[in-house]
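Residue strings, one per chain:
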Amino acid sequence: MTPDVWVRVNSATFGGRMVRADTIEQVRWDRKTPQHLILTLHSGEEVRQDVRAGAPVDDMDDTEGPDLAERLVSAIARASDRPGGHMLELRPDESAEGVGWLRTPLADKPWAG
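Summarised in this report is the structure supplied together with it. Small disclaimer: the values here were computed from a predicted structure and weren't measured. As a convention, each chain's residues are numbered from 1 in the sequence order in which they are written. It should be noted that, the model being predicted, local features are given only for residues of pLDDT at least 70 and side-chain atom pairs only at 80 or more, the latter also being counted only at that level, while totals for whole chains, interfaces and linings use all residues. Here the side-chain values reflect all heavy atoms present in the structure, with hydrogen atoms and water set aside.

1. Here's the deal with helix α1 (residues 64-80)
A run of H or I in DSSP counts as a helix once it spans at least four residues, and a run of E counts as a strand once it spans at least two, with each numbered from the N terminus. Each residue after the first adds 1.5 Å to the expected span of a helix. Here α1 spans 24 Å end to end across 17 residues, near enough to the 24 Å set by a 1.5 Å rise per residue. Only protein chains enter the accessibility calculation, which uses a 1.4 Å probe. A residue is then buried if its area is under 20% of the maximum for its type, exposed if over 50%, and partly exposed in between. Every buried residue of α1 is listed here: G65, L68, A69, L72, A75, I76 and A79. Each buried residue of α1 lies within a common arc of 120° when the element is viewed along its axis, so the set occupies one face. Exposed side chains of α1 directed beyond 90 degrees from the buried face belong to E70 and R78. Among the structural elements, β1 (4-11), β3 (24-29), β4 (36-41), β6 (85-93) and β7 (98-105) are those in contact with the buried residues of α1. Throughout, the arc means the angular range of directions from the helix axis out to the C-beta atoms. Any two residues whose heavy atoms approach within 4.5 Å at even a single point are treated as in contact.

Listed below in structure tokens is the structure:
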């Protein structure tokens, strides 16, 4: 059985949605729009993820956005190595004093299956 990995994308401006990880072609952060990670899908559509869940981004340094993008790609790869379905969501992470990608099994979600 092929793992089923989804990313919950949330943006105060653009709304929220679920994106299948295998449809994501690129994840990037642009200094011109520091409040969002930009996920480019195979269709060419761009989906935006709030970097700090609506909190101010004035104090972001040039490594925080690219680091979150890289951590999403790593989280997708790790979740893909596990059997079953998984969802990744950007959440506050007290251990990192910021935000991080939290993986939860799809079976734990009331809307799944």
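2. Observations regarding the pairing of β1
By the alternation rule, side chains of β1 split into V5, V7, V9 and S11, which are all buried, and D4, W6, R8 and N10, of which none is buried. Pairing of β1 with β6, which is carried by five bridges, proceeds in the parallel orientation. Within the sheet, the bridge partner assigned to R8 lies in β6 and is E89. The criterion for strand pairing is that DSSP finds at least two bridges linking the strands in question. One ladder, built from six bridges, connects β1 with strand β2 (residues 15-20); its direction is antiparallel. Across the sheet, residue N10 finds its bridge partner in β2, namely G16. Connecting β1 to the antiparallel partner β2 that follows it, the hairpin turn spans three residues.

3. Here we look at the sheet that holds β2
Spatially, β2-β1-β6-β7 is the arrangement adopted by the four strands of the open sheet, whose pairing is mixed. In this open sheet, the two strands that pair with only one neighbour each are β2 and β7. Strand-to-strand twist of the sheet, defined as the mean angle between neighbouring strand axes without regard to direction, takes the value 25°. For every element, the axis is a line fit to its C-alpha atoms; helices are fit only across the contacting stretch, and the angle between N-to-C directions ranges from 0 to 180 degrees. Against the sheet, α1 engages β1, β6 and β7, with an angle of about 15° to β7.

4. Brief notes about the sheet that holds β3
An order of β3-β4-β5 is seen for the three strands of this open sheet, with the pairing classed as antiparallel. In the strand order of this sheet, the two ends are held by β3 and β5 (46-50), each with one partner. Each strand of the sheet is rotated relative to its neighbour by a mean of 25°, with strand direction disregarded. Bridge count between β3 and β4: five bridges; the pairing is antiparallel. For V27, the partnering residue across the bridge sits in β4 and is L39. Across the face of the sheet, α1 comes into contact with β3 and β4 while running at roughly 155° to β3.

Keep in mind these numbers describe shape, not what the thing actually does.
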